[in-house]
Amino acid sequence: MQNGTGSLLIFLILTDLLLLGSSRLRNAIRIGAAQGVALGLLPWLAHGQLTGSALLLGAGSAALKGVVFPALLHRALREIHVRREIEPLIGYIPSLLIGTGVLAAAFAFGARLPLPWESPSPLLVPAGLFTLWTGVFLIMARRKAITQVLGYIVLENGIFALGMVVVEAMPLLVELGVLLDVFVAVFVMGILVFHINREFDHIDSDQLTALKEGAP
Amino acid sequence: MSAASWIHPVLALALAPLLPVLIQRVKALFAGRCGPPWGQGYIDLWKLFRKGGIASRTTTWVFRAGPLVNFACLLAALAVMPLGAVSAPLPFDGDWVLLAYLLGLGRFFTVTAALDTGSSFEGMGASREVQFAVFAEPALLIGLAALARETQSLSLSPIYAGLAAGGELPLRILLGAGFFVLYLAENCRIPVDDPATHLELTMIHEVMVLDHGAVDLGFIQWGSALKLWVLGALWAGLLPLGALPGPLSRLAAGAGAILVLAILTGIVESVTARVRLLRVPQLLVGAGVLCALGLLLTFR
């Protein structure tokens, strides 16, 4: 079981790195979906036994992140005719290099972080922190609103992975509530992206900062 | 140290010309052709070594030295490169750094010989070769450092002996993927460079050796085959082949793994297209990141 958890967490880190380096939005959405499905297995693998709450949480999260979110994002993508991120604020090679640095920092920090409970795997905290950071980075460093929505989902994935440390202590309701929040947020953002695109013919969010009242 | 460790360099020198032919035959199989005969590598070398050469008047001794130094560097690399659990002939602490620098020195002389001709095409190839080496060399060093930390030893032979006996599976997979990309890049294989291209503008390695002929070209071809072998041994050592009894069966398994890697290369060359030159650094940085992740995993 230890090996399974470790492999899963390394898969998580690799998908994060792929997201940092991929410019095709369609591929990025698929990678995000794979990440979500893999995370669905985590509650089960990390605790060795298949409890009811672990099953519910895993299945719910896998269904939401592996099927519903990708479907929503693909639909938005189809309607707005955007295929790839052309000019990100931070390029792909710098993103990968910064990512490697942050990964090293996450490992260093994860080794020192005092935890109230025994972590199921020494990789769990670094992988969770790195996924969290990848989400924030995608929101900050990419222009297209779709990638930013994806970054938000990845951010939630990181929180989910970190939550595995305390899965026995945290009530199921809290986790399910977080999932519901994310679902509503992505749903709203999917519609919003469509409307932004219809109004302005693009979804470059950094151009929206120039909007102000009374501008010509 | 056993007699088997001296067999490996001899085996490498003898079998290396087979590797490019093997790759070509796999590609031919995919394309529905029959490919070159198995002995083509040896026939070419025999032909080239009997020829008298001619060099341009603008060139100096650097031009003649390039292929020879490159070949000598690879021979020296064979002296420290183990094949799986079979120890190298001359292992010492820190020889993995020497291995990286030997590859670098060989590249430096190839590049200098290309620049020495004064041809603009060769200069372009030399520039590209060095540009990609900037990304490939850190990846190689980081990967080797990960192996050194995992096995707690500073010499390639104990590193690979320890790795053959046991090691983390994720580390093997990460470094295996990273080293495979490096193997393709260093040997000028398809996602990075096309060894069969006929257009100087798109060549990288081939354009640097356009002016060489006869014995020099023979050393270049043998040298590139040896490079396939040395980097192949780097990859083959990651496989868990340590359980085999006796040095001879280990040698055979290692050589078999190198041949399998050549077949894999042929398949990759057949089914993928070359990436754009601008994207090559991204590929190599990806390999470097895989190696770096491998290194981070050893810090647990």
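Residues numbered from 1 in each chain as written. Chains lettered and ligands numbered in written order. Predicted model: local features only at pLDDT ≥ 70, side-chain atom pairs only at ≥ 80, totals over all residues.

A count of helices and strands for chain A gives seven helices and zero strands. Counting from the amino terminus, chain A carries its helices and strands in the arrangement α-α-α-α-α-α-α. Over its C-alpha atoms chain A spans a radius of gyration of 18 Å, differing by no more than 12% from the 17 Å that the globule rule assigns to 216 residues. Principal-axis analysis of the C-alpha atoms gives chain A an extent of 60 × 35 × 30 Å. Across the 216 residues that make up chain A, the buried fraction comes to 41%. (Helix = DSSP H or I, 4+ residues; strand = E, 2+ residues; numbered from the N terminus. Rg over C-alpha atoms; globule rule 2.2 N^0.38 Å. Buried ≥ 20, exposed ≤ 12 C-beta atoms within 10 Å, placed from the backbone.)

Scanning chain B for helices and strands turns up twelve helices and zero strands. Helices and strands in chain B line up, N terminus first, as α-α-α-α-α-α-α-α-α-α-α-α. Here chain B has a C-alpha radius of gyration of 19 Å; the compact-globule value for 300 residues is 19 Å, and the two agree. Taken along its principal axes, the extent of the C-alpha atoms in chain B is 55 × 45 × 40 Å. Counting across all 300 residues of chain B, residues that qualify as buried make up 51%. A separation threshold of at least 6 residues defines the contact pool for chain B, and within that pool the share at least 24 residues apart is 79%. (Contact = placed C-beta atoms within 7 Å.)

Between chain A and chain B, the residue contacts involve 16 residues of the former and twelve residues of the latter. Its residues placed into classes, the side of chain A that touches chain B shows eleven nonpolar, five polar and no charged. (Nonpolar A, V, L, I, M, F, W, Y, C, P; charged D, E, K, R; others polar.)

What follows deals with the confidence of the model for chain B. Taken over all residues, the pLDDT of chain B has a mean of 90, while the share at 70 or more is 99%. Note on the complex model: pTM 0.88, ipTM 0.78. (pLDDT = per-residue confidence, 0-100.)

All names here are of chain A. Structurally, methionine 189 can be placed in helix H7 (residues 172-200). Judged by the 20 C-beta atoms lying within 10 Å of it, methionine 189 falls in the buried class. Separated by 61 residues in the primary sequence, methionine 189 and glycine 128 place their C-alpha atoms 24 Å from one another.

All names here are of chain B. Across the interface, helix H6 (residues 120-151) lies against helix H8 (residues 169-186) with an axial gap of 10 Å and an inter-helix angle of 150 degrees. Classified by the interaxial angle, the pair formed by H6 and H8 is roughly antiparallel. Pair H6 / H8 crosses with left-handed handedness. Where H6 abuts H8, its residues Phe132, Ala136, Ala139, Leu140, Gly143, Ala146, Leu147 and Glu150 lie against Leu171, Leu175, Gly178, Phe179, Leu182, Ala185 and Glu186. (Axes fitted to C-alpha atoms, helices over the stretch in contact; angles between N-to-C directions. Parallel < 35°, antiparallel > 145°, perpendicular 65-115°, else oblique. Left-handed = near helix turned anticlockwise from the far one by under 90°.)

Attention shifts here to the packing of H8(B) against helix H12 (residues 280-297) of chain B. All names here are of chain B. It is at 9 Å that the axes of H8 and H12 come closest, and there the two elements cross at 155 degrees. If you check the angle between H8 and H12, you find them roughly antiparallel. H8 and H12 meet at a crossing whose hand is left-handed. Side by side, H8 and H12 meet where Pro170, Leu171, Leu174, Leu175, Ala177, Gly178, Val181, Leu182 and Ala185 of the first sit next to Leu283, Leu284, Ala287, Leu290, Cys291, Leu293, Gly294 and Leu297 of the second.

Residue and element names in this part refer to chain B. With seven of its ten residues buried, helix H7 (residues 156-165) lies for the most part within the structure. Turning to H7, its buried residues are Leu156, Ser157, Ile159, Tyr160, Ala161, Leu163 and Ala164. Check the buried side of H7 and you find it contacts helix H4 (61-80), helix H5 (95-116) and H6.

Quick look at the environment of Arg279(B) now. Residue and element names in this part refer to chain B. When you line up the elements, arginine 279 lands in the loop between helix H11 (247-271) and H12. The class of arginine 279 is partly exposed, set by 15 C-beta atoms lying within 10 Å. In the structure, arginine 279 is positioned 87 residues away from valine 192 in sequence and 9.0 Å away in space, judged by C-alpha atoms.

The next subject is the nonpolar core. With 150 residues, the main nonpolar core has Ile146(A), Ala77(B), Leu182(B), Trp229(B), Val230(B) and Leu284(B) as its most contacted residues. Among the elements that line this core, the one with the most residues is helix H10 (residues 214-236) of chain B, at 14 residues. Ignoring sequence-local partners within four residues, the contact set of Trp229(B) consists of Ala12(B), Ala16(B), Leu19(B) and Ile258(B). (Core = buried A, V, L, I, M, F, W, Y, C linked by C-beta atoms within 7 Å.)

This paragraph deals with helix H2 (residues 18-31) of chain B. Residues and elements named next belong to chain B. Here H2 contains 14 residues, and its C-alpha end-to-end distance of 20 Å stays within 8% of the 20 Å for a straight helix at 1.5 Å per residue. Residues of H2 that are buried include every one of Leu18, Leu19, Pro20, Val21, Leu22, Ile23, Gln24, Arg25 and Val26, and no others. Contacts from the buried residues of H2 go to helix H1 (3-15), helix H3 (40-50), H10 and H11. A positive backbone phi angle near 80 degrees is found at glycine 32, which sits one or two residues after H2. (Expected span 1.5 Å × (residues − 1).)

Confidence in the prediction of chain A, expressed as mean pLDDT, is 82, and 91% of residues score 70 or more. The lowest-confidence element of chain A is H7(A), averaging 76 in pLDDT; the highest-confidence one is helix H5 (residues 124-141) of chain A, averaging 92.

Right, let's get into the environment of Asp211(B). Residues and elements named next belong to chain B. Within the element layout of this structure, aspartate 211 appears in the loop between helix H9 (205-208) and H10. For aspartate 211 and serine 249, which are 38 residues apart along the polypeptide, the C-alpha to C-alpha distance reads 42 Å. Contacts of aspartate 211, omitting those with residues within four sequence positions, involve Ser56, Thr117, Ser119 and Glu122.

This part covers unusual backbone geometry. All names here are of chain B. Despite not being glycine, cysteine 188 has its phi angle at roughly 60 degrees, a positive value. In this fold, cysteine 188 is placed in the loop between H8 and H9. One non-glycine residue with positive phi stands out, namely alanine 214, at about 55 degrees. Given 16 C-beta atoms within 10 Å, alanine 214 falls into the partly exposed group.

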